[in-house]
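# Structure at a glance
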Amino acid sequence: MNPKKLNPGLLWMQFEDVLVPRLGLSVKERAVYSYLLRHSLVVGKVRLQFAVMALARTLGLSIGAARQAVRRLDELGALRVLKRSKSGHLAEMRLPEKIRAIRLRKNGVTVTTGAMAAGESPAASLETTDFLKTWALRKAIHDRERGACFYCLRRTPGNVRCLDHVVPRVRFGRNSCRNLVSCCLECNSRKGDRPAPDFLRTLYRLGHLTPAELDVRLRALKDLTAGKLRPNLTATS
Ligand SMILES: [Zn+2]
């Protein structure tokens, strides 16, 4: 994608007519997206560095609201936070047409994909669902892993399995289907706050995974965070 080739009119229409209603953005989220887009892709930059505090001040939001909006936009795939540090966030912005939850044809027409096409919940609502909220939603995550631990691949009967946050809650990991996996109690307690890829490599070093299995698990982890491993909600609704 070449940011220089942006069509501002089309971009504005996609933003107002498709992105905002499709993703169900709040006034605050849309303000944050619009502001960040203005300072990134609109001026030919894919990435931008910003401080949440300054963003909040500029937009007249509380810091909590600005942080929450950035987090939700990240979950929806409208942007991707690459790094959080004391100096601020480094994010990669996505144009409406590049956002997975809403695919657009060149003329701006929306194309429904995946779950939406099958008549299930809209992709955007799947992205924002809190999967710890109900028993049925938790079960949908367990069912997605088909009775195997996401990390060590061992069979996990109902009494020894639990849900694990891939990005721990202390690091702002969410209760989304991109961040929750079904795993055995042992892996859950051993992993702790460690990054999931590191934990998988530890399992490999300890002989719990073969090289091929490690490869498959690392790929599954990538697919999970990219939103490709969707739980089936038809059985739960
Ligand atoms: Zn396990």
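Placed above this text is the structure.
Just so it is clear, the model here is predicted, and its values are computed rather than measured.

Attention now moves to the coordination of the zinc ion. Those donors, C149 (SG), C152 (SG), C184 (SG) and C187 (SG), are the protein atoms that reach the zinc ion, and they lie 2.3 Å from it. Geometry at the zinc ion is tetrahedral, judged from its 4 donor atoms and the angles of 102 to 116 degrees they form at the metal. Expressed as a motif, the donor residue spacing for the zinc ion is C-x2-C-x31-C-x2-C. The class for C187 is buried, based on a relative accessible area of 2%.

Of the voids in this model, the largest pocket is the one considered here, and its volume is about 860 Å³. Along the wall of the largest pocket there are 25 residues; nearest its centre are D74, R80, V81, V167 and T225. Elements supplying a minimum of two residues to the lining of the largest pocket: α4 (63-76), β2 (79-85) and α10 (211-225). The biggest single contributor to the lining of the largest pocket is β2, with 6 residues. Class assignment of the residues belonging to the lining of the largest pocket gives a composition of 7 nonpolar, 5 polar and 13 charged.

Within helix α9 (residues 196-205), burial applies to A196, F199, L200, T202 and L203. Down the axis of α9, the buried set is contained in an arc of 155 degrees. They therefore lie on one face. On its buried face, α9 is in contact with α8 (185-191) and α10. Where α9 terminates, the next one or two residues include G207, which has phi positive at roughly 85 degrees.

Below, the discussion takes up helix α3 (residues 52-59). Buried within α3 are the following residues: V52, L55 and A56. Buried residues of α3 fall within an arc of 100 degrees about the axis and therefore sit on the same side. Exposed positions of α3 whose direction lies more than 90 degrees from the buried face are M53 and R57. G60 sits one or two positions beyond α3 and adopts a positive phi of about 70 degrees.

A full pass over the atoms with the stated rule returns 12 salt bridges. The salt bridge partner of E16 is R30, with a shortest N-O separation of 2.7 Å. Of this pair, E16 sits in helix α1 (residues 8-23) while R30 sits in helix α2 (residues 27-38), and the two are 14 residues apart along the sequence. Of the residues examined, E16 reaches a relative accessible area of 31% and is grouped as partly exposed. Look at R30 and you get partly exposed, because its relative accessible area is 28%. A salt bridge links R190 to E186, with the shortest nitrogen-to-oxygen separation between them at 3.4 Å. In this pair, R190 and E186 both sit in helix α8, 4 residues apart, roughly one turn of the helix. The exposure class of R190 is partly exposed, given its relative accessible area of 34%. Residue E186 is classed as partly exposed on the basis of its relative accessible area of 38%. Counted as one network, the salt bridges with shared partners bring together R154, E186 and R190.

Within the secondary structure, R174 is located in the loop between β6 (161-165) and β7 (180-184). Here R174 falls in the partly exposed class, since its relative accessible area comes to 27%. When sequence neighbours within four positions are dropped, the list of residues in contact with R174 reads Q68, R71, E75, H165 and N179. A distance of 2.5 Å separates the side chain of R174 from the side chain of E75, its partner in a polar contact.

Okay, the nonpolar core next. Counting 30 residues, the largest nonpolar core has L19, V32, Y33, L36, F50 and M93 as the members making the most contacts within it. Of all the elements in the fold, those that place two or more residues in this core are α1, α2, β1 (47-50), α3, α4, β2 and β3 (88-93). Considering every element that reaches this core, the biggest residue donor is α4, with 6 residues. One finds Y151, C184, C187 and L203 within the second-largest nonpolar core, a separate group that totals 19 residues.

The rules behind each value
- Residues numbered from 1 in each chain as written.
- Predicted model: local features only at pLDDT ≥ 70, side-chain atom pairs only at ≥ 80, totals over all residues.
- Heavy atoms only, no water.
- Donors = N, O, S within 2.8 Å, 3.2 Å for Na, K, Ca; no water.
- Tetrahedral: all angles 85-135°; square planar, octahedral: opposite > 155°, others 65-115°.
- Buried < 20%, exposed > 50% of the residue type's maximum accessible area, 1.4 Å probe, protein only.
- 1 Å grid on protein atoms, 1.4 Å probe; cavity = no way out; pocket = protein on both sides within 12 Å on 5 of 7 lines; lining within 4 Å.
- Points joined across faces, edges and corners; volume = space filled by probe spheres on them.
- Helix = DSSP H or I, 4+ residues; strand = E, 2+ residues; numbered from the N terminus.
- Nonpolar A, V, L, I, M, F, W, Y, C, P; charged D, E, K, R; others polar.
- Arc of directions from axis to C-beta.
- Contact = heavy atoms within 4.5 Å.
- Salt bridge = Lys/Arg side-chain N within 4 Å of Asp/Glu carboxyl O.
- Polar contact = N/O pair within 3.5 Å; in protein donor to acceptor, adjacent residues only side chain to side chain.
- Core = buried A, V, L, I, M, F, W, Y, C linked by side-chain atoms within 4.5 Å.

By themselves these figures say nothing about function.
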